[in-house]
Amino acid sequence: MQKTELLYEGKAKKIWSTEDANLLISEFKDDLTAFNGEKKDSESGKGALNNKISTELFKLLESKGVVTHFVEKLDDNHMLHKKAKIIMIEVVVRNVATGSLSKRLGIADGTALPFVLVEFYLKDDALNDPILNDEHCLILNLVDDVKELDILREMARNVNSILKPFFYEKGLNLIDFKLEFGKDKDGNIILADEISPDNCRFWDVNTNEKMDKDRFRQGLGGLKVAYEEVLNRILK
Ligand code: UDP
């Protein structure tokens, strides 16, 4: 399958059309951004690692019955996937408090949450991705009705119930992650975007070492080594 036209360029991926109207190609870039694009860098090979990691995780989720946009990995930096109309909500799942949750609510960094927390944020850089409640989502017409929000919550919890034990087995604590969903040509809600250390937090079970994009956000260095380690543990 060949790329035809560049449809969209985001911070971490370019999206291309193909000869098939129902299929798109994502090109994973080496660019890194944080703090809503204020901090920028590039790390050669990061895109290929995220493509590999996402491919493995989409395959795992599909094998457990989660419907995703994934079709196949084409080469180092390219993934073929179904076309989906992206729902403009970032669905964040949290097992442990850190990042913006700790800041916003004053929960000490690293506190295990009493239950899995699912939050919605508006996918809008200009507004700095504000947090949303159900009514905000309906007022902004981000979904058709509240049932669709329940589907997003249920699918996000299901993804967590598959990924959290999978990573724990590999010595990684899945702290939190961000998912995006879309509607396929029949209007079904499917999991889209990518699942990689760019949008998940992984802490080593034994050392609590951060193995994700926080290495870049916090200037810790060693980002690529950490992403390679995540991939190696997934493949083990
Ligand atoms: N996240 C993301 N994209 C965003 C915001 C958050 O992928 O625009 C991911 C982030 O990597 C983390 C989770 O969502 O795994 C929760 O992030 P948080 O709200 O704590 O935001 P941050 O501290 O990164 O600002």
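Residues numbered from 1 in each chain as written. Predicted model: local features only at pLDDT ≥ 70, side-chain atom pairs only at ≥ 80, totals over all residues. Heavy atoms only, no water.

**Some thoughts on helix α1 (residues 46–63)**
Turning to step 1, where the next piece is worked out: Over its 18 residues, α1 extends 26 Å from the first C-alpha to the last, a length consistent with the 26 Å expected when each residue adds 1.5 Å.
Turning to step 2, where the next piece is worked out: Directly beyond the C-terminal end of α1, a positive phi value near 95° is found at Gly65. (Helix = DSSP H or I, 4+ residues; strand = E, 2+ residues; numbered from the N terminus. Expected span 1.5 Å × (residues − 1).)

**A look at the pattern of salt bridges**
Turning to step 1, where the next piece is worked out: One pass over the full model with this rule turns up 24 salt bridges.
Turning to step 2, where the next piece is worked out: With its nearest N and O atoms 3.2 Å apart, the salt bridge here joins Lys183 to Asp144. Here Lys183 is found in strand β13 (residues 181–183), whereas its partner Asp144 is found in the loop between α3 (134–139) and α4 (146–169), with 39 residues between them in sequence.
Turning to step 3, where the next piece is worked out: Linking Glu209 and Arg215 is a salt bridge whose minimum nitrogen-to-oxygen distance equals 3.6 Å. (Salt bridge = Lys/Arg side-chain N within 4 Å of Asp/Glu carboxyl O.)

**A word on the site of the ligand**
Turning to step 1, where the next piece is worked out: Taken together, the neighbourhood of the ligand is formed by 15 residues, with Arg94, Ser100, Asp176, Arg201 and Arg217 sitting nearest.
Turning to step 2, where the next piece is worked out: Between an oxygen atom of the ligand and a side-chain N or O atom of Asp129, the distance comes to 3.3 Å.
Turning to step 3, where the next piece is worked out: Arg217 places a side-chain nitrogen or oxygen 2.9 Å from an oxygen atom of the ligand.
Turning to step 4, where the next piece is worked out: Look at the ligand: alone it shows 510 Å² of surface, and the protein chains cover 78% of it. (Near = heavy atom within 4 Å. Polar contact = N/O pair within 3.5 Å; in protein donor to acceptor, adjacent residues only side chain to side chain. Areas by Shrake-Rupley, 256 points an atom, 1.4 Å probe, with all protein chains shown as cover.)

**Some remarks on the sheet that holds strand β3 (residues 23–28)**
Turning to step 1, where the next piece is worked out: Ordered in space as β1-β2-β3-β7-β6, the five strands form an open sheet in which the pairing is antiparallel. Here the strands that pair on one side only, and so sit at the sheet edges, are β1 (6–9) and β6 (70–75). Averaged over all adjacent pairs, the angle separating strand axes in this sheet is 25°, with direction ignored.
Turning to step 2, where the next piece is worked out: Contacts between α1 and the sheet are confined to β3, β6 and β7 (78–82), with β6 contributing the most and set at about 150° to the helix. (Pairing = 2+ DSSP bridges. Axes fitted to C-alpha atoms, helices over the stretch in contact; angles between N-to-C directions. Contact = heavy atoms within 4.5 Å.)

**Examining the pairing of strand β10 (residues 112–122)**
Within a regular beta strand, the side chains point alternately toward one face of the sheet and then the other, so they alternate between its two faces.
Turning to step 1, where the next piece is worked out: In the sheet, strand β9 (residues 89–96) pairs with β10 via seven bridges, with the strands oriented antiparallel. Opposite Val92, over in β10, you have Glu119 as the bridge partner.
Turning to step 2, where the next piece is worked out: In this sheet, strand β11 (residues 131–132) lies alongside β10 in antiparallel orientation, the contact comprising two bridges. Residue pairing for β11: Tyr121 is matched across the bridge by Ile131.

**Some words on the packing of aromatic side chains**
Turning to step 1, where the next piece is worked out: Within the structure shown, the criterion is met by three aromatic pairs.
Turning to step 2, where the next piece is worked out: Measuring from centroid to centroid gives 6.0 Å for Phe58 and Phe70, while their planes differ by 20°, and the two rings are stacked. One end of the pair, Phe58, is in helix α1; the other, Phe70, is in strand β6, with 12 residues separating them in the sequence. Each of the two residues, Phe58 as well as Phe70, counts as buried.
Turning to step 3, where the next piece is worked out: Considering the side-chain rings of Phe166 and Phe167, the 5.3 Å spacing of their centres and the 80° angle between planes classify their relative orientation as edge-to-face. (Phe/Tyr/Trp six-rings, centres within 6.5 Å; stacked < 30°, edge-to-face > 60°. Buried < 20%, exposed > 50% of the residue type's maximum accessible area, 1.4 Å probe, protein only.)

**Examining unusual backbone geometry**
Turning to step 1, where the next piece is worked out: At Asn36, a position not held by glycine, the phi torsion is positive, near 55°.
Turning to step 2, where the next piece is worked out: Residue classification places Asn36 among the partly exposed positions, given a relative accessible area of 32%.

**Some remarks on the packing of α1 against helix α6 (residues 223–235)**
Turning to step 1, where the next piece is worked out: Contact pair α1 / α6: the axes reach a minimum separation of 10 Å and the direction vectors enclose 25°. With respect to their mutual orientation, α1 and α6 come out roughly parallel. Both α1 and α6 take part in a crossing whose hand is left-handed. Together, Lys46, Leu49, Asn50, Lys52, Ile53, Glu56 and Leu57 of α1 and Leu223, Lys224, Tyr227, Glu228, Val230, Leu231, Ile234 and Leu235 of α6 make up the contact between the two elements.
Turning to step 2, where the next piece is worked out: Tallied by class, residues from the contact of α1 with α6 come to nine nonpolar, one polar and five charged. (Parallel < 35°, antiparallel > 145°, perpendicular 65-115°, else oblique. Left-handed = near helix turned anticlockwise from the far one by under 90°. Nonpolar A, V, L, I, M, F, W, Y, C, P; charged D, E, K, R; others polar.)

Keep in mind these values describe shape, not function.
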